[in-house]
Each structure stands twice: as structure tokens, then as C-alpha cells.
Amino acid sequence: MNRQQAVVETVASRENQERVWDAFRRWGYLQADLDPLGDLQPVAMPELDLSGPEAEAARRFYCGTIGVEFMHIPDQERRQWIQKRMEQETPEVDRERILEWLVRAEVFEQVLQTRYLGTKRYSLEGDAALLPLLDAILSAAAEEGAQQAVLAMSHRGRLNVMVHIVGRGAAEVFARFEDVDPRSVLGGGDVKYHMGATGEFSAADGHKVGIHLVSNPSHLEAVNPVAMGRTRAKQTRAGESGRKEIVSVTMHGDAAFAGQGITAETLNMAGLEGFTVGGSVHIIVNNLLGFTTIPRDLHCSRFSSDLAKRLPIPIFHVNAEDPDAVARVGRMALEYRYAFDSPVVVDLIGYRRHGHSEVDDPTITQPLRYRKIQAHAQLWQIYSKKIGVDPEPMVERVRQELDAAQKHALELEKNPPMRKLPEYWNAYRGGRYNPAMEVDTGVQESELTVIGEAVASYPKGFHIHPKVKKLLEQRVEMARGKRAIDYGMAEALAFGSLVKQGTPVRLTGQDTRRGTFNQRHAALIDIETEKEYVPLEHISPSQAWFETYNSPLSEASVLGFEYGFSRDFPEALVLWEAQFGDFANGAQIIIDQFVAAGEDKWNLLSGVVLLLPHGYEGQGPEHSSARIERFLQLAARDNIQICQPSTAAQYFHLLRRQALRAWRKPLVVFTPKSCLLYTSDAADDLTR
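Below is a summary of the structure that appears in this document. Note that the structure is predicted; figures quoted are calculated from it, not measured.

### Describing the sheet that holds strand β5 (residues 246–253)
The eight strands lie next to each other as β1-β7-β8-β6-β5-β2-β4-β3, forming an open sheet whose pairing is mixed. Each edge of the open sheet carries a strand with a single partner, namely β1 (66–69) and β3 (197–202). Going across the sheet, the axis of each strand differs from the next one's by a mean of 20°, ignoring polarity. When strand β2 (residues 148–152) meets strand β4 (residues 208–213), the two strands line up parallel, connected through four bridges. Considered in β4, the bridge of V150 is made with H212. Strand contacts of helix α5 (residues 130–144): β2, β3, β4, β5, β6 (280–286) and β8 (344–349), with the helix running at about 170° to β6, the strand carrying the most contacts.

### A look at the nonpolar core
In globular proteins that are soluble, nonpolar side chains generally tend to be buried together. L130, F174, I283, L610 and L612 are the most contacted members of the largest nonpolar core, which totals 194 residues. When residues no more than four places from it in sequence are discounted, the contact partners of F174 are F108, V111, L112, Y116, L402, A405, Q406 and A409.

### Some words on empty space enclosed by the protein
Counted under the stated rule, the structure contains six cavities of 30 Å³ or more. In this model, the largest cavity occupies a volume close to 90 Å³. If you trace the largest cavity, you find it lined by V455, R475, G488, E491, A492, F495, R520, H521, A522, P535 and L536. Tallied by class, the residues present in the lining of the largest cavity amount to six nonpolar, two polar and three charged.

### Describing the pairing of strand β13 (residues 573–577)
In terms of burial, β13 is largely enclosed, as five of its five residues are buried. Along β13, one buried face is formed by L573, L575 and E577 and the opposite face, lined by V574 and W576, is buried too. Bridge analysis of strand β9 (residues 505–509) against β13 gives five bridges, and the strand direction is parallel. Counted as the bridge partner of L507 is L575 from β13. Relative to strand β14 (residues 609–614), β13 is paired through three bridges, and the arrangement is parallel. The partner of L575 across the bridge, within β14, is V609.

About the criteria used
- Residues numbered from 1 in each chain as written.
- Predicted model: local features only at pLDDT ≥ 70, side-chain atom pairs only at ≥ 80, totals over all residues.
- Heavy atoms only, no water.
- Pairing = 2+ DSSP bridges.
- Helix = DSSP H or I, 4+ residues; strand = E, 2+ residues; numbered from the N terminus.
- Axes fitted to C-alpha atoms, helices over the stretch in contact; angles between N-to-C directions.
- Contact = heavy atoms within 4.5 Å.
- Core = buried A, V, L, I, M, F, W, Y, C linked by side-chain atoms within 4.5 Å.
- Buried < 20%, exposed > 50% of the residue type's maximum accessible area, 1.4 Å probe, protein only.
- 1 Å grid on protein atoms, 1.4 Å probe; cavity = no way out; pocket = protein on both sides within 12 Å on 5 of 7 lines; lining within 4 Å.
- Points joined across faces, edges and corners; volume = space filled by probe spheres on them.
- Nonpolar A, V, L, I, M, F, W, Y, C, P; charged D, E, K, R; others polar.

Spelled out as C-alpha cells, the structure:
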């Protein structure tokens, strides 16, 4: 063989090797061993019908108990990052720590089952590996410098997470099972597995990470944007290091992840400037079952996670019965988040040992699957045999701890608090209206003139649109008292006066920067360069921050985000504006479950503002009403404020009062379109 032939054969060999590896990188997850019960069978793939040492090596890395979808990511650096970590020998994990998590997870559930038979608890059994997964994620986050994590999840395994990850005492949870308060039946309060909790997690290296588990309703995925908004607010509060110090982890059910539209809406916000949190870790706690419905009736694709493939993000599937692999995936997911400020999805595939709730009989609808489950050992038993450790001393110690906690629960109040509010809530109050909390919302005329000229100004050499220029000239006249103030100017003066005196303002919504009715123009556009200038960011050198963003074409996720933001930045005026008032019906779940009911259910306050333009002005049934009657039906015990200002002055004072009072209540503002569209001839008094 001559040299040229040898070179040709070497090149061909390398190309063949790369072709083999590419096939497994691209499709290996379809033949991975992911289902502990064996119901999710490998897919026959001609592309993977390969043999030889290269194929066997690739198969070992990509068709084991981890399957990863990442070849749809267009960024080569990101793909290579995943390849490098997948194509290495399995790193060491702390197996004794993992076993402890598994024992604690399942023994806790068994104690609840024994002591409180017939009571719903939404057991984690079958997906107990969620605890070592969260441990790996949070421990890796601590190493990256995280100070706090915002967690969101529905009810499956929630009590377990409260005790073992959030760090609440088991006695506090047991005390809630002793509670026979009829409020949970008669409409007040909320059930134990919806409540939020705060605490501290001890990472593997000893670092402490503050944990905030967000309260949520039975609308399973509605909490997703709320948790994102809370994370963004905490990051904003932390400053430049916010994305490093605060991480977001959201847990989903498989049926809900695939079926609930708000999941897609929230994922869509992941990389948008006004809504990003530097990437969240999304965990699908996958039972391959939704209540009584099997996967083929829940989603039309193989995996419930396929929704996430609309984004250039990795999806790690992992067999929940291989805790070592679970811990490895958790660390990879968290490190990827920090490396690329990107969301990551972890599909933790296990099963559900009991029915949807423990009082439900799953053998009616899935008799064959549950025959397997009944014969299947607990995960801590399987894992202890695998690693050759006698688990009984650990099991006995955990049982004794839980026995002591159950006895202690009898001495506690029946509904002990599971959280501590941050200090920034100390200055604010809820409850019934108290006139003593009213404040002076007037601003001196000379001050308004200065602010008004600032909000109507732009840099020298900035090429303003002729129509906008005329509007700004009118606003200068308004600022100098030569023209009646309209709604748009009243709002700008309210915002400008607030930021000047130190109150931050955040405003988002569909086309909000300009305003649906051309009434705002919060961001000016240079018609030659399309550079932007936001006058409200330049009121004074020492002002508070002002931010306004056009949102995605979504109501539920964006309002949920802003509600969440208001929960962790109570001193800011946080507003969401509907493009038309009737669009609020797209956010009805957020309005019903959080905005109107949050204080009553969870004693959690919010000052979020809903701006709903409406009016009967010739468009028939479309966009003619914000459904005031619906909000009136939701109003009870001073839970929300419902206002329809008829003058610009009322609107000005309304916004300032919302920000400056210590009373924190959601505010729903119905602004007639005629008021937004036309300048009033009447003089408005903004000074008192």
C-alpha cells in the first residue's frame, strides 16, 4: 500500500467513525434504557443498526440510562460542551449521600401512609430520585456561587421536598395532617400541598442555599411564570451578580408539561431581554401517567418533553432507578445553565406507586402496570443492593427521627407557618382598607414642569418621527400649563415623579412601549438608525430605575411573571397592560388563582397593577369590554381594587397612591379608550 492509499483509508476511517458517533449523538436517546418498568420500549432505528467497536462505545455513552437530545441546538460550542461530558467515563458520586436521600424520601412517605391512612399526600414513591437530583443541582449551584434558589412545583412530592430540600421540620408537616380546620373545605385557606415554604438547603460542600418554594394552585403549570417573575425580581434586587446568585428550578408533571399552554408561553420568555432569568432548570417528574390517562392519550410524541425542542436547549432523559445517573445529569444541567445562561430540561422517568392521590385506585385503569408496580421493590432497597451497603441502620435512624417529629407535631399549632417573609415586606400591610394608610399624592407644579419637559425630551441629533415630535411638543405645552394634560402625559408624569423620588417602575405588555392607542411612546425610536431612547430613564441622576418591555403575545405567562415580580419587589410599581382590556380573559387563571385569591389562600400580598383599556366605541363584541363584571364578582373582603378613572388627574393620583401607600393590593384600572385617544379640554389638577 502506498502512502497516498494509506492517507485515503485513514480519512475514510475517520469519516466512518464520525458518522457512527453522529448517529448515536443524534438518535441514541431513542434506544436508551429510560423506563424502570420497561414499558417505554426502544425505537427501531436503521441509523443505529451499527456494529463494531466505535458503535459499541457510542452505544454505551448514549443508549444507557441517560439519553440526551442536543443535536437540534445550532450552536456548535454548546453541542461540543454536551458531547465532551457525555463521552467521558462516569464521574464519581457520593453514594452514601444518595442512599440517605432515597431512604428519607420513601420512609417519609411510608410514615405518612401509616399514620394518616386515607389522607391525600401525593407521594413521591416511584420518583424518589427527585431528591438526589435536586441535591446535585443545588450543590452544583452552591459551587457556582448561588445564594438562593426559587423552586416551583405542583403537588406530587411537594411535602417531601418541603422537608428534605427546603429544610422545614417534619413536625410542621405532620401538624398539618392533624389539622381538621374546615376552612380547607369551606373555601378559605388552602390545602397543605399548595402552601409555599422558605428555608435553607445544606449543599454537599457545606454551603447554605436559601430556598423559596413558591405557593401554587391546582392549575399545575400556572406557577411557572410566577416563579420566573419572582426569580427576576430577586436577581434585580441583587444587582449585577443576580443571575449568578439566584437560580430557578421548576418541577413539572409529564402530563401537565405537554398539555398546558402556559408551559410553552413561559419557555418562550426564557431568552427575552425583559423576562430572562439566565436560564431555569426544568425537571419533569415523569410518571408516564397523568391521573388515569396513559401517555398515548396525553401527547402525540414519544416524550412529554418534546415541547421544549422548539428552543435551542438540551433535554436530558434519565432513568429514575439509576440514582448515580440522576445525580450526574443534575450536575450537568446546572453547569450548562451557568455556562450558557440557558434553560435545561431534565426528564426524570419513573413511575407512580399509588394512584393520583392515595385514596384513588389505579388498578381500575392501569391494571397491568400496577401489577408490576406492586411487585417492584422500593428504590432504596434496589440501590443499597447495587452499592453493597446495609441500609437498615439508616432506615431505623430515619424512622426514629420521624416518630419523634410526629409526637412533637401534637404539641404544635395545627397550621404552623412554613415560611419567613423577606425583610423588604416589613413596611407593607394587607387586610381590610384603613384610611390611615392614605398618603399625599400631589406634586408641586414647578416639579411637574421639570419632569414634564424631561419626559418630552430626546438627545440632540436624535431623528424623531414627525408624528411623535408633534406629540412631544404638545407634552411640553402640557408641562408648562399651556395645554390640558391628557392620559398619556398624566401617566408619564406619575412615572417620572415616582422614579425621581426613588420608587422603581416596571411596565410590560403587548406593544406597551408605544401603546396600543399611540398614547404612551415610552421608548422613542430614531427613524434613521432605530436606536432607542427612553426619556423616563433620564429624569434625574439619582432616580430609581424605570424599565418597560414589549411582551410576547401572551397574557397568562406575562401577567403571571409580573405578579411574581411584584411579590419580590413590593416597593416598585409593577404594571401589566393588556393590548385591549378584553385580552385579560387570556390570563384568567392567573387573575383567579393568584391576583384575586393570593392573600386569602396564602396571606401573600401583591401590588401588581392591571391596565385594561376598554370602551364601547364602535368595534362591536371585539375589544369593547374588559369585563368589569367579572372583576366585581371576584372582589371580596378588600382583596382587589377596581377603578375606572374618568379624568387624567384621577389616573395620575391613582398610580402614585398605588406605589406610595403601605397597603399592598392588586389594582385593576379600566381606562376608557376615548380617554386614551383624545386630549381632554378640562384642566386637571395633579398638585393635590
